[in-house]
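Topology and contacts: notes
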Amino acid sequence: MSDSLAVFHGHFGRVCLYSMDRKMVPHGHREGHLIFHVQGPAAEMVVNGTARPLSAGQAVAVSPWQAHYYNPLNHTEPTLALVLYIRPAWFLEAARRASASLCFGRNGIEVTDHLARLVFGTAQAMLDNDRQDLLIEDRLCDLTQFAFDQSWQWTPRGAEFTGPDLPRRDFRVRKALKYLQARVGEAIELDKVAREVGLSRPHFYKLFRAQVGLTPNLYLNALRMERAIDMLASSQDAVADIGFDLGFSSQASFSRFFISNGVVPPSAYRRTVHVA
Amino acid sequence: MSLITYLTRIHFADRVLEDALPEEIARHRIRRPLVVADRSAEGGDGLERVFDALPAPEPPAMVFCDPDLPRDAEIAQAKSVLAKAECDGLIGFGGLRALDLARLLGGTTRPVVTIPTRTGSIGLGPLGRDMAETAAQRPALPAAILCDATLTLDTPPAATAATGMDALVHCLESFLSTAFNPPADGIALDGLRRAALHLEAAVQNGQDMAARRELLAAALNAGLASEKGYGGIEAAAHGLEASAKARHGVLHGALLSEVLSFNAPAVSDRFDLIRTTLGLPERADLGAHLAVLAERIGLPLRLSEVGITARALPRAARRAAADCANRTNPRHATASDYEKMMRAVL
């Protein structure tokens, strides 16, 4: 069972220290995503269908709304990973590149000595309960900026560059996004959404996927996760109630969903989260 | 006289010091300034001009930067003078070190006016290597910058060559850096042209006012464009200077060509723009062209000429790879890449 060792929320978004041994389901989110190996066996992140190594020398950067999942390679021992969810608006202030916010130039990041020091420093600070580490935001800014800058540097292995996918969205997709955002937690039939925006079901799926980067189901899951994380961190509501509010029929099904989309059970997430 | 208001208030004109300094002191309500200057400026005409331009009749509190003093001791000493004299603003006067120290002391609480007398820095952009290592806080963005080319007339030829080449490389590397910033690209390219065209004249005849003005303009452009970050030449120079005791800028001539060839696969299209700007033929070797310029102004083309040995390279290369300038180099460069480049020009 994957477990959460520490979670911090702040202006930057979220940073989590996770012990991971479960394969996840493909998912995406609006935050930029950086995953660094801290210790344990190597694993991989599958981003848009391509496996990227997650090991001592290799980190993975995932742009907003890129579909991805974690895949352990060793099933007996968990991998300790530092996982960043970076709010694009926060990063825009620190970023030098003005193109679409927080799009990484490529998914594979080489963990240089300097990056490795930042990763271990951050992980240590997160585990140190006695010290309120006020520099965590600076560290995360550095980590993100370093990884981001590197992702735009040319390397001889140029084919691994993915380049930014500029958003060009059809009005029907925009309408569907609004519809879904307004009804998180309700039982949503995607057939109905397709009809609502005036598309056939297969065309809706295809267009949505092409323009958003995820299928409508995965997008809906991302919205549910956002809401769940927000409620776990900021409210006192019971975990089961949060699950019910989001349309799950039992705490068990909510937990299963939360684990497969967000690594750890909701209770473990709540136990370890610190809100700045 | 020109007032340029990109990023901050920048006065640019010959003898602008006398007009602009009292105005900026009043505008920022500085009553007791601390003047931070290079030791070499002590007793010089330039510093006298600063004192005369200050509104208060008595001489201001002073701190001199000493290249032989350890960095931490220098900062600690300057902080104590700042506190004792209850200064409410800073005037940085001189080269990179003095301007950096003034910006560090200013922090976010006290306004800083920088008055460059060298072209390695005008007080914008990243701190120099030794200050950056000890800096715990962000340096101040100067409230005003006074670019007065008459203050650079006394610079000896060797210092003109090193700091002029530094301004040129800042423009070159900002233009090539990975960051996306079109206005900074234009500014960098213009600065590169000015530096490449006038550097040699300024070194050969220190009293050539037009050349001095162009070189200071290049430094200003470099400062404005530094927002984009630098690249491998700057990173490698920082890595080597930590042990080599060479003035910043001296090693650029040796490193230029090798770093540009390394970067060529990533940015060869940008090289075309530079060739056009410098009026070079279509297939001209940019690195070789700039190395010729470096040689003509007396900079070494081999690292061993300044006493660097092969033994020092692995550590220098590791430092270069970790340097902040390496982050925006157009091609991803590791320590072993730097070591190869350094070895090639040893």
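Rules used in this analysis
All chains use their own residue numbering, which begins from 1 and follows the written sequence. Each chain gets a letter, beginning with A, and each ligand a number, beginning with 1, in the order they are written. Per-residue local features of the predicted model are confined to residues with pLDDT of at least 70, and side-chain atom pairs are confined, for both listing and counting, to 80 or more; whole-chain, interface and lining totals are unaffected and use all residues. Numbering of helices and strands runs from the N terminus; a helix is a DSSP stretch of H or I covering at least four residues, while a strand is a stretch of E covering at least two. Radius of gyration means the value over C-alpha atoms here, while the globule rule gives 2.2 Å times the residue count to the 0.38 power. Partly exposed residues are those whose C-beta has more than 12 but fewer than 20 other C-beta atoms within 10 Å; with 20 or more the residue is buried, with 12 or fewer it is exposed, and the C-beta atoms are placed from the backbone. Placing C-beta atoms from the backbone, we regard two residues as in contact once those atoms come within 7 Å. Convention adopted: a line fitted to C-alpha atoms gives each axis, helices being fitted over their contacting stretch, and angles between N-to-C directions are expressed from 0 to 180 degrees. We call two directions roughly parallel when the angle between them is under 35 degrees, roughly antiparallel when it is over 145, roughly perpendicular when it lies between 65 and 115, and oblique otherwise. Helix crossings get a hand from a simple test, with the near helix turned counterclockwise from the far one by less than a right angle marking a left-handed crossing and a clockwise turn marking a right-handed one. All residues other than Ala, Val, Leu, Ile, Met, Phe, Trp, Tyr, Cys, Pro, Asp, Glu, Lys and Arg, Gly among them, are scored as polar; the first ten of these are nonpolar and the last four charged. Helix span, expected: 1.5 Å multiplied by one less than the number of residues in the helix. To be clear, the arc concerns the directions from the helix axis to the C-beta atoms. Where each domain begins and ends follows an automated or database-derived domain assignment. For a residue, the bend is simply the angle between two axes, fitted respectively to the seven-residue segment ending there and the seven-residue segment starting there. Strand pairing is assigned whenever DSSP detects at least two bridges linking the two strands.

Helix and strand content of chain B: 13 helices and 7 strands. Here the C-alpha atoms of chain B give a radius of gyration of 19 Å, agreeing with the 20 Å that 2.2 N^0.38 yields for 346 residues. Along the longest, intermediate and shortest principal axes, the C-alpha atoms of chain B span 60 × 40 × 35 Å. Residues counted as buried form 55% of the 346 residues belonging to chain B. Across chain B, the fraction of contacts at a sequence separation of at least 24, relative to all contacts at a separation of at least 6, is 77%.

With that settled, consider the interface of chain A and chain B. The partner chain B presents 16 residues to the 14 residues of chain A that form the contact. When contributions to the side of chain A that touches chain B are tallied by element, the ones reaching two or more residues are helix 2 (113-127) and helix 3 (136-151) of chain A. The element best represented in the side of chain A that touches chain B is helix 3 of chain A, accounting for 3 residues.

Residues and elements named next belong to chain B. Orientation of helix 9 (residues 232-244) relative to helix 12 (residues 313-322), taken along the N-to-C sense of each, is 135°, at an axis distance of 7 Å. Classified by the angle between their axes, helix 9 and helix 12 sit oblique to one another. The interaxial crossing formed by helix 9 with helix 12 has right-handed handedness. The residues of helix 12 that touch helix 9, namely those facing A235, A236, H238, G239, L240, A242 and S243, are A316, A317, R319 and A320. Of the residues that constitute the contact of helix 9 with helix 12, the class distribution is 7 nonpolar, 3 polar and 1 charged.

A few words on helix 9 (residues 251-262) of chain A. Residues and elements named next belong to chain A. For helix 9, which comprises 12 residues, the first-to-last C-alpha distance of 15 Å matches the rise-based estimate of 16 Å (1.5 Å per residue) to within 8%. Among the residues of helix 9, F254, F258, N261 and G262 are the ones counted as buried. Down the axis, helix 9 shows its buried residues gathered within 80° of arc, on one side only. With respect to the buried face of helix 9, the exposed residues turned more than 90 degrees away are A252 and S253. Close packing links the buried residues of helix 9 with helix 7 (216-234), helix 8 (239-245) and helix 10 (266-272). Looking at the residues trailing helix 9, positive phi occurs at V263, about 80°.

We now examine the domain arrangement of chain A. Residues and elements named next belong to chain A. Under the domain assignment used here, chain A contains domain 1 (3-160) and domain 2 (171-275). The C-alpha-based centres of domain 1 and domain 2 are spaced at 22 Å. Contact residues are listed per partner, giving 19 residues for domain 1 and 19 residues for domain 2. It is strand 1 (residues 3-10) that contributes the most residues to the side of domain 1 that touches domain 2, 7 residues altogether. Partitioning the side of domain 1 that touches domain 2 into residue classes produces 11 nonpolar, 6 polar and 2 charged.

Residue and element names in this part refer to chain B. Packing of helix 3 (residues 71-84) against helix 4 (residues 96-106) brings their axes to within 11 Å, and their N-to-C directions diverge by 55°. On the basis of their axis angle, the class for helix 3 and helix 4 is oblique. Note on packing geometry: the crossing formed by helix 3 with helix 4 is right-handed. Together, I75, A78, K79 and L82 of helix 3 and L101, L104 and L105 of helix 4 make up the contact between the two elements. For the contact of helix 3 with helix 4, the per-class residue count stands at 6 nonpolar, no polar and 1 charged.

Attention shifts here to helix 7 (residues 182-204) of chain B. Taking 1.5 Å as the rise per residue, helix 7 of chain B with 23 residues should run 33 Å; its terminal C-alpha atoms sit 34 Å apart, in good agreement. Where helix 7 of chain B bends most, at H198 of chain B, the angle is about 45°.

Now for the pairing of strand 2 (residues 9-12) of chain B. All names here are of chain B. Here strand 1 (residues 2-4) pairs with strand 2 via 3 bridges, running antiparallel. Counterpart to I4 in the pairing with strand 2 is I10. Between strand 1 and strand 2, which pair antiparallel and follow one another directly, the connecting turn spans 4 residues, one of which, L7, has a positive phi of 65°. Both strand 2 and strand 7 (residues 144-147) contribute to a ladder of 4 bridges, which runs parallel.

The next thing to look at is the environment of H27 of chain A. Along the polypeptide, H27 of chain A turns up in the loop between strand 2 (13-20) and strand 3 (32-39). Once residues within four sequence positions are removed from consideration, H27 of chain A is found in contact with A67, Y69, L218, N221, A222 and N261 of chain A.

Let us now look at the sheet that holds strand 1 of chain B. Residue and element names in this part refer to chain B. With respect to topology, 7 strands assemble into an open sheet ordered 1-2-7-6-5-3-4, the strand pairing being mixed. Each end of this open sheet is capped by a strand with a single partner; those strands are strand 1 and strand 4 (61-65). Mean inter-strand twist for the sheet, computed between neighbouring axes without regard to direction, equals 20°. Bridge count for strand 6 (residues 112-116) against strand 7 is 2 bridges, and the pairing is parallel. Bridged to T114 within strand 7 is I145. The sheet contacts of helix 3 involve strand 3 (33-38) and strand 4, and relative to strand 4 the element is tilted by about 175°.

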